[in-house]
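Each chain, written out:
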Amino acid sequence: MGHASKVFSSTHWLGIPIALLGAVFLALGTIYQGRGVGAHATRETSLRALVRRPVWLAGSAMLGAAVLLQLAALRFSPSWSSSRSAPPRSW
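Keep in mind the model is a prediction, meaning the values are calculated, not measured. (Residues numbered from 1 in each chain as written. Predicted model: local features only at pLDDT ≥ 70, side-chain atom pairs only at ≥ 80, totals over all residues. Heavy atoms only, no water.)

If you walk through the whole model with that rule in mind, you get zero aromatic pairs. In this structure, Arg35 packs its charged tip against the face of Tyr32, placed 5.7 Å from the ring centre. (Phe/Tyr/Trp six-rings, centres within 6.5 Å; stacked < 30°, edge-to-face > 60°. Lys NZ or Arg CZ within 6 Å of the ring centre and 35° of its normal.)

Printed below as a string of structure tokens:
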């Protein structure tokens with residue numbers, strides 16, 4: 001068995017695809033929000049006007065989902081203290 005098998009448990013491996021999915025949602029969310037703003041760049045863009053645009057709302061929902069997915073991925077990640085022993089104290 002390699003070092004990776006000692007550090008990662010079976011649930012730790014779930015964090016990797018969840019983090020990748022979060023990154024995809026983050027990228028798509030920014031693209032859709034940009035399209036929502038860019039489609040009407042000649043007019044003044046207020047939050048009230050943006051909320052009425054489905055493409056901007058879809059981008060915002062994707063960004064929110066990306067944050068939740070990234071937090072979920074952190075939940076499955078190994079902590080530093082579980083993968084290494086504490087450094088010796090020098091006092």
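Before going further, it helps to spend a moment on the confidence of the model for the chain. On average, residues of the chain score 82 in pLDDT, and 71% of them reach the 70 mark or higher. Here helix α5 (residues 80-83) is the element of the chain with the lowest mean pLDDT, 55, and helix α4 (residues 54-76) is the one with the highest, 96. (pLDDT = per-residue confidence, 0-100. Helix = DSSP H or I, 4+ residues; strand = E, 2+ residues; numbered from the N terminus.)

This next bit is on α4. The α-helix winds at 3.6 residues per turn, so residues separated by three or four positions along the chain end up facing the same way. In this model α4 runs 33 Å from its N-terminal to its C-terminal C-alpha over 23 residues, within 8% of the 33 Å that 1.5 Å per residue would give. Of the positions making up α4, those classed as buried are Trp56, Gly59, Leu63, Ala66, Leu69 and Ala73. In this fold, the buried residues of α4 make contact with α2 (15-38) and α3 (47-51). (Expected span 1.5 Å × (residues − 1). Buried < 20%, exposed > 50% of the residue type's maximum accessible area, 1.4 Å probe, protein only. Contact = heavy atoms within 4.5 Å.)

On to the packing of α2 against α4. Packed helix pairs are characterised by how far apart their axes lie and by the angle those axes make with each other. Relative orientation of the contacting elements α2 and α4 amounts to 160°, with a least axis distance of 7 Å. In terms of axis orientation, α2 runs roughly antiparallel to α4. Where α2 crosses over α4, the handedness of that crossing is left-handed. Across the contact of α2 with α4, the residue classes tally to 19 nonpolar, nine polar and one charged. (Axes fitted to C-alpha atoms, helices over the stretch in contact; angles between N-to-C directions. Parallel < 35°, antiparallel > 145°, perpendicular 65-115°, else oblique. Left-handed = near helix turned anticlockwise from the far one by under 90°. Nonpolar A, V, L, I, M, F, W, Y, C, P; charged D, E, K, R; others polar.)

Attention now moves to α2. For α2, with 24 residues, the first-to-last C-alpha span of 34 Å sits near the 34 Å given by 1.5 Å per residue. Of the positions making up α2, those classed as buried are Gly15, Gly22, Gly29, Gln33 and Gly36. Lining the buried residues of α2 we find α3 and α4.

On to the environment of Arg35. Relative to the helices and strands, Arg35 resides in helix α2. With a relative accessible area of 52%, Arg35 lands in the exposed category. Residues Arg35 and Gly59, spaced 24 residues apart in sequence, show a C-alpha to C-alpha distance of 8.9 Å.

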